[in-house]
Amino acid sequence: MSEPKKLFLDLHPDSEAVQEAVEAGLSRSPKQLPPKLFYDKRGSELFDQICTLEEYYPTRTESAILEDNIDEITERCGSSVLLIEYGSGSSNKTQFLLHSLPKVEAYIPIDISKGHLLEAQQRLEHLFPDLNVLPVCADYAQHIKLGLNRSPETHTVAFFPGSTIGNFEPEHALGFLERIHETIGIGGSLLIGVDLVKDIRILERAYNDSMGVTAAFNLNMIHHINTRLGTNINASGFCHRALYNSIENRIEMYLDATLDHQFSIGDTAYHIPRGESILTEYSHKYTLPAFEKMAERAGFRVDQVWTDRDNLFSLQFLTAH
Ligand SMILES: C[S@@+](CC[C@H](N)C(=O)[O-])C[C@H]1O[C@@H](n2cnc3c(N)ncnc32)[C@H](O)[C@@H]1O
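All values derive from a computational prediction rather than experimental measurement.

When helices and strands are tallied, the chain shows ten helices and 13 strands. Radius of gyration (C-alpha) of the chain: 20 Å, near the 20 Å computed for a compact globule of 321 residues. Projected onto its principal axes, the C-alpha coordinates of the chain cover approximately 60 × 45 × 35 Å. When burial is assessed residue by residue, the chain has 55% of its 321 residues classed as buried. Put simply, 73% of the contacts in the chain that link residues at least 6 apart link residues at least 24 apart. For the chain, the accessible area works out to roughly 14,600 Å², and carbon and sulfur atoms hold 49% of it. Across the chain, the centroid of the 28 positively charged side chains sits 1 Å from that of the 45 negatively charged ones.

Here's what the structure looks like:
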C-alpha cells in the first residue's frame, strides 16, 4: 500500500485538550472519564477485536441488518450522495454502502483516532479507487465546520453506526442529533444504528467477554492518558467492571482501583484510593418509541426502521425536517 494521504481536516485534540478532559473527569464525584479517551491506535485495534467476539452481538447484528436491507437503504439514500460518517473507525460497515450506492460525491469519515482513520482511508482508496475520501480527525462532540459545497441534486446522508449514540447521556444525545441536523440541513438524512433494550444476560455478556478484550480496551484508557500526558498511572492497579443498570437502560463500564493511586497531572496531585471507581463508558439502550421521541425532538422524522429477527439492534433512516 502507498503512504496515506493527509487529512482533509486535522482537528486532532492536542495534549492540552486531553489534559483538560482528564482533569475535569477526575474532579467529578464520582469520577468519570469520557469514552473518547479509549481511542488511540491500540484502543481502535482493541475495539476492532471486540467487534469479532462471539459475545459482542452489536457488530455482526448491525452488519447483517445493513447487508440484508441494502437495496431499500440504497433507495432511501438516492442516486447521488454526500456521505458523512461520525465515529467511522475502520469504516467496515460503510463498505456495504459504498458498494451499493450508485454515486458517492465524497465520503467524509470523522474520527478522533488519527492513525486508524488514515489507515482506513488508505484501505478505502485501494478498494474504491474513484472514491473521494476526505477524512476529518476531530472530536465530533465539538462544532466541526466542514464547509461543504453540495450540488442541489446531492442528498447529504450522515451515517452513525455502532450504536455509538448510546455513549451519550440522553440529553447530550439529543444535542448531538441536533448538531447532525444542522450539519446535514433540512432534507438531509441520518442512517443510525441504535442498540435496543433486551435481556440483561445478553447485555452483560457482551461487555464482559471471556477473552478479556473488553477489559484490555477499558484499561487502555489509562495507557492512552499516560502516553498523551506523560503520567505514570499504574494501569495494573485497576480492573474492568461492566454492569447493566436497568433503571437507566444502560451498560456502565468502570475501572475499579485495586490499589491506592497517587499521581500528578500538571500541578495537581490526585489520589484514587483502593476501592474507588472511575466510570469510563455508558452504553444506553433504547426502545424504538423512546428513540423516535428523541429523534423527533431533534427535528428528524423516522422514515424507516430495520431490525434483526430477535430485535437485538435497529438501523434507522431519519430525515431532517
Ligand atoms: C464504538 S466505535 C464504532 C466504530 C464503527 N463506527 C463501528 O460501527 O464499528 C466508536 C468510534 O467513534 C470514535 N469516537 C469516539 N468518540 C469520539 C469523539 N468524541 N469524536 C470523534 N470520534 C470518536 C472512535 O475512535 C471509534 O472509531
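The next subject is the domain arrangement of the chain. Segmentation of the chain into domains returns domain 1 (37-42 + 200-284) and domain 2 (57-198 + 285-320). Look at where the C-alpha atoms of domain 1 and domain 2 centre, and you get two points 27 Å apart. On the domain 2 side, the residues contacting the 16 residues of domain 1 number 17 residues. For the pair domain 1 and domain 2, the summed buried area comes to about 1,400 Å², and 54% of that belongs to carbon and sulfur atoms.

A few words on the pairing of strand β8 (residues 250-257). Counting buried positions along β8 gives eight out of eight residues, so the element sits mostly inside the fold. Of the two faces of β8, the one lined by Arg250, Glu252, Tyr254 and Asp256 and the one lined by Ile251, Met253, Leu255 and Ala257 are each fully buried. In terms of strand pairing, strand β7 (residues 238-245) meets β8 through eight bridges, oriented antiparallel. Among the inter-strand pairings, Leu243 is bridged to a residue of β8, identified as Glu252. Between β7 and β8, which follow one another and run antiparallel, lie four residues, and Asn249 among them has a positive phi close to 55 degrees.

Here we come to the packing of helix α2 (residues 41-50) against helix α6 (residues 114-127). Interaxial distance between α2 and α6 falls to 7 Å at its minimum, and their mutual angle equals 60 degrees. Between α2 and α6, the angle falls in the class oblique. Contact residues: α2 offers Lys41, Ser44, Glu45 and Asp48, while α6 offers Gly115, His116 and Glu119. Partitioning the contact of α2 with α6 into residue classes produces no nonpolar, three polar and four charged.

A complete count under the given rule lists 16 aromatic pairs for this structure. Centroid distance Tyr39 to Phe47: 6.4 Å. Interplanar angle 70 degrees. Geometry classified as edge-to-face. Considering the side-chain rings of Phe160 and Phe176, the 5.2 Å spacing of their centres and the 50 degrees angle between planes classify their relative orientation as tilted. Placement of the pair is Phe160 in strand β5 (residues 155-160) and Phe176 in helix α7 (residues 170-184), with a sequence separation of 16 residues. Of the two residues examined, Phe160 and Phe176, each falls in the buried class. An aromatic cluster of three or more residues is present, and its members are Phe38, Tyr39, Phe47, Tyr56, Tyr207 and Phe217. Over the aromatic face of Tyr254 sits the side chain of Arg241, whose NZ or CZ is 4.5 Å from the ring centroid. The ring of Tyr282 is capped by Arg250, whose NZ or CZ atom sits 3.8 Å from the centre of that ring.

Let us now look at the pattern of salt bridges. Under the criterion given, the structure shown has 13 salt bridges. Linking Asp256 and Arg241 is a salt bridge whose minimum nitrogen-to-oxygen distance equals 2.6 Å. Note that Asp256 is positioned in strand β8 and Arg241 in strand β7, a separation of 15 residues in sequence. We classify Asp256 as buried; its relative accessible area is 14%. You can call Arg241 partly exposed: its relative accessible area is 30%. Its salt-bridge partner being Arg301, residue Asp303 comes within 2.7 Å of it at the nearest N-O pair.

Quick look at the side chain of Arg250 now. With respect to the helices and strands, the residue Arg250 is situated in strand β8. Owing to a relative accessible area of 11%, Arg250 belongs among the buried residues under this scheme. Side-chain polar atoms of Arg250 contact the side chain of Glu252, separated by 2.9 Å. At 3.3 Å, the side chain of Arg250 and the side chain of Tyr282 are in polar contact. Setting aside its immediate chain neighbours within four residues, Arg250 contacts Leu243, Tyr244, Asn245, Tyr282, Ser283, His284 and Lys285.

Okay, the sheet that holds β7 next. Overall, antiparallel pairing links the three strands, which are arranged β7-β8-β11 in an open sheet. Each having just a single partner strand, β7 and β11 (277-284) make up the two edges of the open sheet. Direction aside, the axes of adjacent strands within the sheet are offset by 20 degrees on average. Packed onto the sheet, helix α9 (residues 213-229) meets β7, β8 and β11 and runs at close to 60 degrees relative to β8.

Conventions we followed
- Residues numbered from 1 in each chain as written.
- Predicted model: local features only at pLDDT ≥ 70, side-chain atom pairs only at ≥ 80, totals over all residues.
- Heavy atoms only, no water.
- Helix = DSSP H or I, 4+ residues; strand = E, 2+ residues; numbered from the N terminus.
- Rg over C-alpha atoms; globule rule 2.2 N^0.38 Å.
- Buried < 20%, exposed > 50% of the residue type's maximum accessible area, 1.4 Å probe, protein only.
- Contact = heavy atoms within 4.5 Å.
- Areas by Shrake-Rupley, 256 points an atom, 1.4 Å probe, with all protein chains shown as cover.
- Lys, Arg positive; Asp, Glu negative; His and termini not counted.
- Charge placed at Lys NZ, Arg CZ, Asp CG, Glu CD.
- Domains from an automatic or database assignment.
- Buried area = accessible area lost by both parts, 1.4 Å probe.
- Pairing = 2+ DSSP bridges.
- Axes fitted to C-alpha atoms, helices over the stretch in contact; angles between N-to-C directions.
- Parallel < 35°, antiparallel > 145°, perpendicular 65-115°, else oblique.
- Nonpolar A, V, L, I, M, F, W, Y, C, P; charged D, E, K, R; others polar.
- Phe/Tyr/Trp six-rings, centres within 6.5 Å; stacked < 30°, edge-to-face > 60°.
- Lys NZ or Arg CZ within 6 Å of the ring centre and 35° of its normal.
- Salt bridge = Lys/Arg side-chain N within 4 Å of Asp/Glu carboxyl O.
- Polar contact = N/O pair within 3.5 Å; in protein donor to acceptor, adjacent residues only side chain to side chain.

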